[in-house]
Amino acid sequence: MTILRWCQESQAVAAIVAVGVNADGRRKVLGLEIALRKPTPSGRFLRKLARRCLRGVKLHSTNPIERMSAGHVPTSEMTNSDLPFPLHQSMGADQSRSFPVAQPLDWGAFGMRIADGFRAFLIGFTVGTLCVLAASPARALGIEEARHLLARAGFGAAPTEIAALLPLTRPQAVDKLIGETRVRPVVTPPAWTGDPKPQYWGQEKWSRDEKEAFRMAREAEIRQLKAWWFTEMIATPSPLTERMVMFWHNHFTSSFESIGNWSHMMYDQQVLFREKGLATFGALLDGILRDPAMLRYLDNHSNRKGKPNENLARELLELFTLGEGHYGERDIKEVARALSGWAIDMKKNYAFVAVASQHDDGVKTIFGQKGNFDGKDVARILLEQPRTAEFVVEKLWREFVSDAPARAEVVRLANGFRESDYQIKPLLREILLGRDFWAPENRATQIKSPVDLLVGTVRTFVLPVSDVNALPAVAKRLGQDVFVPPNVKGWIGGTTWINPAWLLLRYQTVDRLMSAREIDAASMIQMASAGPRQAMLRAFVGGEACRGAPRMLVAVNGLKVAEVSVDYAHDTERLGRIPDSNEVEKRVIEIPLPAAVSEVRVIKIDFPNDHGISGKDGYAYCDRNLFVDWIEIGDKRYATEAGTQTHVCSRPPRPGRLYCNGTLTMEIAELDQKTGVEGGMAMMAALATVTDAGMRAMMIPPRDNVDVVQALRMRRTLASLDDWAKPLPLEARTVEALWRALTPIPPMVSPAPGEDAETALRRIAGDLAYQLR
Amino acid sequence: MFPSSRRRFLKTVAGLPLFALMPQGCATAPGEVAATPVRAAGFRGATGPTRGRTVIMIEMFGGNDGLNTVVPYKNPKYAALRPTIAIPVKNVIRIGDELGFHPALERAMTIWERGEMTTVLGVGYANPNRSHFRSQEIWETAANSEEVLTEGWLGRAMAEHPVFRDRRADADAVVIGSGSLGAVLGRGARVVTMNDPRQYVRDAQRLADISAATTTPALAHLLKTQGDALATATKLKSKIESRGRFEGNFPGHALGRNLANAVALLDAGVDAPIIKVTSGGFDTHGDQLGRHDNLLKQFADSVVALRDALKQIGRWDDTLVFAYSEFGRRVAENNSRGTDHGTAGVAFFLGGGVAGGLQGKQPSLDDLMDGDLKFNLDFRRLYATILANWWGQPENYLAALGHAPLPVFRAAVA
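Colleague: Explain the packing of helix 8 (residues 281–289) of chain A against helix 12 (residues 375–384) of chain A residue by residue, including any values.
Modeller: Residue and element names in this part refer to chain A. Viewed as axis vectors pointing N to C, helix 8 and helix 12 meet at an angle of 150°, and their least axial separation amounts to 10 Å. Accordingly, the angle class assigned to the pair helix 8 and helix 12 is roughly antiparallel. Regarding helix 8 and helix 12, the two cross each other, and that crossing is right-handed. Two secondary-structure elements touch here, helix 8 through F281, G282, L285, D286 and L289 and helix 12 through G375, K376, A379, L382 and L383. Class assignment of the residues belonging to the contact of helix 8 with helix 12 gives a composition of six nonpolar, two polar and two charged.

Here you go:
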């Protein structure tokens, strides 16, 4: 019945239906009443019927207890034999299955003046789960619902995002999220993604050195790509887009580690997921069968006529379209034959190529169809299998709804999916508006993935992130290394994200994020705990070397405390310059402070040994430089951006980038006074400038740059509940109610008496319930 | 009196009451140490039940250059292929006619001479992978080069073999520092990571003792895991706090500190079969000499301090130190006075229960595979050795796969 499709939520109710039986024996529904408690027709209901001119009929109720005198409506008893149809066709408490829905009932009289003369009318009831009809005005979302939708369809839920959905009904909210999806990223990807691909092939004659340098350059690229994707996930106005990109990445899996460091191809594969991920499954299937990263990952470039390689064929059937049990070994072999020759042209910038000479051009039999099939036919045939739609629906169900797809719904959704030519947006809309998505029993059923936890926390609490490189490293430590799924099945997710060590690490991670401290790869990975922290100075240092490493002299309060040779500096003579100093490897250098230094007032960092060699064109191909990103004393971190520097040779000028001999000065006492919250100002300055520099390095045209920079500039250190929760309605801004905007279930740990807002936010973010979505 | 060349004298042998050095059948020249100082089988030391034994794993991450760690100093090819980074013959600590240790291992020679250090040569696996992460994964999961397994070898061993289940340790594995968890993750593995014990106790405070009416399987799993983590933390906390800070004499670098914390845990009576630390930085692509020297010095200083500390708390005999790396490095040096990722490498076993000497065979410099050393000992034999002979589980899943243990331990131990 169409009316059931508009279910907004499910609720246990009793439905009392008045059905009139006219002289022809036809049943007409006269009225419907929903009773939340006892399944008893109310006097009001019966009076309403009477007002609609129901006269002179006998009332029959299946439950003798419910027989009642209904006021103006005359009643009398009828026996079974008086009815033109058996009693069991009326509704009873035990016969919810024979609820008129399934019977051909005429609803024409519903709500209308009752004109027919009826021989009888029945009042019966059914109890159970019933749809609250959309005939009532559609409700606007509540806070919990808004949070639920945002958390499932995106990453976390910032108060502004929640507030934007509150005035909307469920369909409006879902339409908004789907309407906002994009096909291009907001943050321009790293510059190298637009370059022709480097020479991955034909390295036999290269020296080992050259091969190593090549490999290391590719690894630097994938690090950039990971950082870029995290930036995109944080900055995008459409997190649903990125969630779908991740979904397809985990469905059509390929791993950077297994494809010979083909960083460019991993990027290209993601472009496919972004451009087609919300289009049609057919477009994705066609695209992925021609995708060089996939062809390489599953060895199809070795799949040749007479020497088949079945890897892609097998995973295509088992993991991408049908699932185990819906194909046979013969099908795999035939599909492999059809995919033969689909390879990569190493000489044409690694583009897809269908090599005719390597294609098995015999007749293949795939799922009953015969022909000289190739990959295009394979895709077509797979889309013709009814199971494919169900498989994809089930996977999306598990991503968005629950671990146990409801069979009937899957079939219904799959039918719609197939009929719409495998369009993904309408399917997504159906899923997100479905009863099961909103059902109470499907809340708090999913454990956040590491990416979910990190990106979601940053987005929810609008946190500053100045070293975005750190986030993929932390995600990896928690078990999710993006672009490197563990195997072709992808990340299983769910409870596999949680073990005692990872759980504690999750708590630590959220805590550090909430402290508005930057998580940087170096300090999370090299967490040095050398004695009392206030006796140490830490600096995040890197450099470029040219026939010798850069040296760093450190003086505190005028007293020289260290001379460091940055031996791990990037060797520019052998490996070339790195255009973006943010990409140069940096490490935490620890410098013990002598006892004479009780309070750090001024730090000076001197770079004394600048050196370079220029080529004939004047370009310094070999160059020695020193880079310092931040200095940490005790628990406070100071971005070098906030310092001053003599001889600033960088373009644009940036303290901390010592390209020529010079001295960087950090007036710690002054910086302390300027900052309000834990070095927030310095961090914001660092964030803004790192962002600008980063953007410039990524060569974003100004037009696209604006949104991202503004979005990132808006991220402030978490100052107070009022600031964070301002967009939320008043009733949600109390300590007791705050959790509804943050977790699907109340936190395990209750508020302490007199708890302030800041503490409340931290408590909730640190709660076990926060790990769920 | 001592010659200027670096020859090691068996100075202390005659004086020590506890053991006698028995050269393996070859006459040794005066003043030269026997090639394989192996302790007599008759040694009776405190072995203790296998149940209480611990393995401290030291992962030398980055690819430790085995060829400069155990140097074939006599072979002219060595110096020829490494013109700037070969260890000069006069600096090598000779342990026989052919081989010698890198001079940075000087301080650890006391352990070697006591026969408490076994060095295994030629360790690797077929179809070597030269990616750090993939090779580390292969080592961690005891996989073949082309297979992808998801469980750590210890994670699996601990789930499958009774010797661990029956032990009821406080925690299955403690990973100190930020090293990879791969080797110890497995079904239900109770793994603890920490930087230092007191920090861990502080962090564990946030594990609230909660129970809730479970509404979803996901929440149930989280609650159970939290409960496990809390139970472990509670056990550890009371032990750690009751003991006070352990006063050892460890070097101040990261490896030293992490091992100091390992001993602190043992001193506090924490029972964990595995403690793992990582020493990074072995990826010496450029300017290898200074960096590698530094790293091996750190290693030597650390294991010496470790031995002293474990002796002090009476745990040297039932603790095994196992040091390994995910691959060795190429034979020929590169253009940056360093080496690139290679294949076969060396591994170390140290401890009171170890028999000492060399195991395995030094890979030949005349028979290289595309410029790389050929391995002759599958790394899984090292694991099988530990499972079978250290933990007394001769029927273990690696043995079933055909990996035979090595005679690393004294007879009384196994």
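Colleague: Give me the pairing of strand 16 (residues 620–633) of chain A: which residues, what numbers.
Modeller: Residues and elements named next belong to chain A. With 13 of 14 residues buried, strand 16 lies mostly within the body of the structure. Sheet topology places strand 9 (residues 536–545) next to strand 16; eight bridges connect them, and they run antiparallel. Paired with G542 across the two strands is F627, which belongs to strand 16. Two elements, strand 16 and strand 17 (residues 636–639), share four bridges in a ladder whose sense is antiparallel.

Colleague: Talk me through the interface of chain A and chain B; I want residue IDs and the actual numbers.
Modeller: The partner chain B presents 42 residues to the 40 residues of chain A that form the contact. Where chain A abuts chain B, roughly 3,600 Å² becomes buried across the two surfaces, and 61% of that area is made up of carbon and sulfur atoms. Here chain A is connected to chain B by zero salt bridges. Applying the counting rule to chain A against chain B returns five residue pairs in polar contact (both at pLDDT 80 or more).

Colleague: So what's going on with the sheet that holds strand 10 (residues 551–556) of chain A? Which residues, and what values?
Modeller: Residues and elements named next belong to chain A. Spatially, five strands are ordered 11-10-14-20-18 in an open sheet, and the strand pairing comes out antiparallel. Sheet topology places strand 11 (559–565) and strand 18 (644–645) at the edges, where each strand pairs with a single neighbour. Pairing geometry for strand 14 (residues 602–607) and strand 20 (residues 662–667), over six bridges, is antiparallel. Each bridged residue has a counterpart across the sheet, and for F607 the counterpart in strand 20 is G662.

Calculation rules
Residues numbered from 1 in each chain as written. Chains lettered and ligands numbered in written order. Predicted model: local features only at pLDDT ≥ 70, side-chain atom pairs only at ≥ 80, totals over all residues. Heavy atoms only, no water. Axes fitted to C-alpha atoms, helices over the stretch in contact; angles between N-to-C directions. Helix = DSSP H or I, 4+ residues; strand = E, 2+ residues; numbered from the N terminus. Parallel < 35°, antiparallel > 145°, perpendicular 65-115°, else oblique. Left-handed = near helix turned anticlockwise from the far one by under 90°. Contact = heavy atoms within 4.5 Å. Nonpolar A, V, L, I, M, F, W, Y, C, P; charged D, E, K, R; others polar. Buried < 20%, exposed > 50% of the residue type's maximum accessible area, 1.4 Å probe, protein only. Pairing = 2+ DSSP bridges. Buried area = accessible area lost by both parts, 1.4 Å probe. Salt bridge = Lys/Arg side-chain N within 4 Å of Asp/Glu carboxyl O. Polar contact = N/O pair within 3.5 Å; in protein donor to acceptor, adjacent residues only side chain to side chain.

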